[in-house]
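The lines below spell out each chain.
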Amino acid sequence: MDKMRLPDAEQLLAGLADVMRPDVTANTALVGIYTGGVWLAERLHQGLGLALPLGTLDVSFYRDDFGQIGLHPQVKPSDIPFEVEGSHIILIDDVLYTGRTIRAAINELFDYGRPASVRLAALIDRGGRELPVAAEYVGATLVLPSDKMLALEKDIDGKLGLSLYNKNSPGQ
Amino acid sequence: MNNPQLNKNGELQHLLTTEGLPASILLHILNTAESFVGVTERDIKKVPLLRGKSIFNLFFEPSTRTRTTFEIAAKRLSADVVNLNIAASSQTKGETLLDTVDNLAAMHADMFVVRHSQSGAAHLIARHVRPEIHVINAGDGRHAHPTQGLLDMFTIRHYKSNFHDLRVAIVGDILHSRVARSQIHALTTLGVPEVRVIAPKTLLPAKVERLGVHVYHEMAQGLKDVDVLLMLRLQNERMLSARLPSTEEYFKYYGLTPEKLSLAKRDAIVLHPGPMNRGVEIDSAVADGGQSMILPQVTFGIAVRMAVMSILAGN
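Quantities reported herein were computed from a predicted structural model and do not represent experimental measurements.

Enquirer: Is there a simple way to explain the pairing of strand E4 (residues 117–125) of chain A in this structure?
Expert: Moving residue by residue along a regular strand, the side chains alternate between the two faces of the sheet. Residues and elements named next belong to chain A. The pairing of strand E3 (residues 88–96) with E4 spans eight bridges and is classified as parallel. Paired with Ile92 across the strands is Ala121, a residue of E4. Alignment of E4 against strand E5 (residues 137–141), held across four bridges, turns out to be parallel. Residue Ala121 lies in a different strand from E5, and its bridge partner there is Tyr137.

Have a look at this one:
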């Protein structure tokens, strides 16, 4: 574990809700990306009082590294319980980094229909993009060395927190 | 013991039988299949996972349903599928099994789905091919039909939530059934406490109790308090010797009628691997009744085969 001081995830989440609030309408749909993005999306969906039901995506079947690392050992079912055709979707992810997860998520969404618009909200933008992806709503930007992995975690009381790991190290 | 289905990291390299696979691998397949059920319910029933992969269905024995479900599964994963009906192909001209496989491997096959009347055919191919090629056994002789066994497990878990407090009865021609063997190994590995087989003595393999099952010869006792009934097809084409007086007599004693089904638990479910012989092992009133999950089995079978193919291709 790194000694570097990380921002408080709960505060960032409250800030993220504040910047999103002016833009949400009756036609706004949230879609969380597993796993951290779903936790955030559940909280935002409740906090913003959205009418359309919450969607969840597991992008495992759309990832571009399947050929290198194979199938994720715990794929969750994706669930989009609203009509994607014509909807205004905000994708929710915990950490925006290379942009590859978002590419996969957009591809998967379009297999459900043609949304009117797709925007992105991320709790943390840590830079390091490898694809032309940008978030509309960001909780905080953070510069991190490339050998570090930033992860959102949830404790038994449902409180969210950020943790930093060394890449390829066991125990996470 | 070296398991030819696993690679050096203990991951699934080929799916040849449910025997000897750890519960963790069986559950990984079932859990992954849950995610594919959602995919098959969308308008666009396709994911790009196996784009560019070539899957060869090698069917040395006739099969419509199994071959079709493998074909649909591969296509929904965006793979390219080639179906070879080898009974009507090179083998009749004298080419050996492994020569056929070598020729297809030279066409850059990534996966073989093999159905053969000889037990061990898929094993033989799996041992022969290069390590980057994966083999799925789609039924070999009397030995194994692992994807059928797994889709039955998926269906049971879907309707019964878990395996740990179930009584499951397998009814019918156990002797000739590769499906029954794959079911028994999967059920016991997944922790089903009581697996029964119900059949006349002539349709049971010798020493079947060694597989960990309880043997019954009469439906009245065998079906008592059962949660799941796995019906088997009476394998007419495999009945080389006269093991039964007649199909009518078989139906009288072992055919699943509403009356016999009422001996099981009220919420018991009925499964059948298909194709059904109505009026032989199952009555139409049961096959088409509310406790029958035979058609959901077919739907889930595609998701389970998608899961197996994508797990193998990623390992």
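Enquirer: Help me understand the environment of B:Thr17 in this model?
Expert: Tracing the backbone shows B:Thr17 in the segment before helix H1 (23–40). For the pair B:Thr17 and B:His145, spaced 128 residues apart in sequence, the C-alpha to C-alpha distance is 6.7 Å.

Enquirer: I would appreciate a short explanation of the sheet that holds strand E7 (residues 214–216) of chain B in the present structure.
Expert: Pairing between the strands of a sheet comes from backbone hydrogen bonds, and it takes one of two forms, parallel or antiparallel. Residue and element names in this part refer to chain B. With parallel pairing, five strands are arranged side by side in an open sheet as E7-E6-E5-E8-E9. Pairing within the sheet leaves two strands with one partner each, and these edge strands are E7 and strand E9 (269–271). With strand direction ignored, the average angle separating the axes of adjacent strands in the sheet is 20 degrees. Of the pairings in the sheet, the one linking strand E6 (residues 194–198) to E7 comprises three bridges and is parallel in character. The residue bridging Val197 from the neighbouring strand is Val215, located in E7.

Enquirer: Sorry, what's going on with the pairing of strand E4 (residues 134–140) of chain B here?
Expert: All names here are of chain B. Burial analysis of E4 places seven of its seven residues in the buried class, the great majority of the element. Here five bridges tie strand E3 (residues 111–116) to E4, and the two strands are oriented parallel to one another. When the sheet's bridge partners are listed, Phe112 is paired in E4 with Val135. Chirality of the crossover, the property in question, places the unit of E3, helix H4 (residues 121–128) and E4 among those that are right-handed.

Enquirer: Any chance you could explain unusual backbone geometry here in plain terms?
Expert: Residues other than glycine predominantly adopt negative phi, and peptide bonds predominantly adopt the trans conformation. The residue after A:Tyr34, namely A:Thr35, is reached through a cis peptide bond having omega -5 degrees. One can find A:Thr35 in the loop between strand E1 (28–33) and helix H2 (36–47). B:Pro275 follows B:Gly274 through a cis peptide bond whose omega is -10 degrees. Tracing the sequence through the fold places B:Pro275 in the loop between E9 and helix H10 (284–287). Phi at B:Ser161 takes a positive value of approximately 70 degrees, unusual for a residue other than glycine. Structurally, the position occupied by B:Ser161 is in the loop between helix H5 (146–160) and strand E5 (167–171). We note that B:Lys207 has phi near 55 degrees; this positive angle belongs to a residue other than glycine. Following the sequence through the fold, B:Lys207 ends up in the loop between E6 and E7. Classification of B:Lys207 by C-beta neighbours within 10 Å gives exposed; the count is 7.

Enquirer: I keep staring at the nonpolar core and nothing clicks. Help me out?
Expert: One recurring pattern in soluble globular proteins: nonpolar side chains tend to sit buried together. All names here are of chain B. By size, the foremost hydrophobic cluster in this structure holds 139 residues, and its most contacted members are Phe112 and Leu229. Top contributing element to this core by residue count: helix H11 (residues 294–314), with 11 residues. Domain assignment of the residues forming this core places at least three in each of domain 1 (23–145 + 298–314) and domain 2 (146–294). Excluding its chain neighbours within four sequence positions, the residues that come into contact with Leu229 are Ala169, Val171, Leu256, Ala264, Ala268, Val270 and Leu271.

Enquirer: What exactly am I supposed to notice about the packing of H5(B) against helix H6 (residues 178–189) of chain B here?
Expert: In a packed pair of helices, the relevant descriptors are the angle between the two axes and the axis-to-axis distance. All names here are of chain B. Where H5 contacts H6, the axes come no closer than 8 Å and their chain directions differ by 50 degrees. Compared by their axis directions, H5 and H6 come out oblique. Remark: the crossing between H5 and H6 carries right-handed chirality. Between H5, through Pro146, Gln148, Gly149, Leu150, Asp152 and Met153, and H6, the contact on the second element is made entirely by Val179, Ser182, Gln183 and Ala186.

Enquirer: Would you mind going over the environment of B:Ser35 with me for this structure?
Expert: Along the chain, B:Ser35 falls in helix H1. A count of 24 C-beta atoms within 10 Å places B:Ser35 in the buried class. For the pair B:Ser35 and B:Val304, spaced 269 residues apart in the sequence, the C-alpha separation amounts to 9.8 Å. Here B:Ser35 is in contact with A:Asp58, A:Val75, A:Lys76, A:Pro77 and A:Ser78, once residues within four sequence places are set aside.

Calculation criteria
- Residues numbered from 1 in each chain as written.
- Chains lettered and ligands numbered in written order.
- Predicted model: local features only at pLDDT ≥ 70, side-chain atom pairs only at ≥ 80, totals over all residues.
- Pairing = 2+ DSSP bridges.
- Helix = DSSP H or I, 4+ residues; strand = E, 2+ residues; numbered from the N terminus.
- Axes fitted to C-alpha atoms, helices over the stretch in contact; angles between N-to-C directions.
- Buried ≥ 20, exposed ≤ 12 C-beta atoms within 10 Å, placed from the backbone.
- Right-handed = clockwise from strand over helix to strand, strands pointing away.
- Core = buried A, V, L, I, M, F, W, Y, C linked by C-beta atoms within 7 Å.
- Domains from an automatic or database assignment.
- Contact = placed C-beta atoms within 7 Å.
- Parallel < 35°, antiparallel > 145°, perpendicular 65-115°, else oblique.
- Left-handed = near helix turned anticlockwise from the far one by under 90°.

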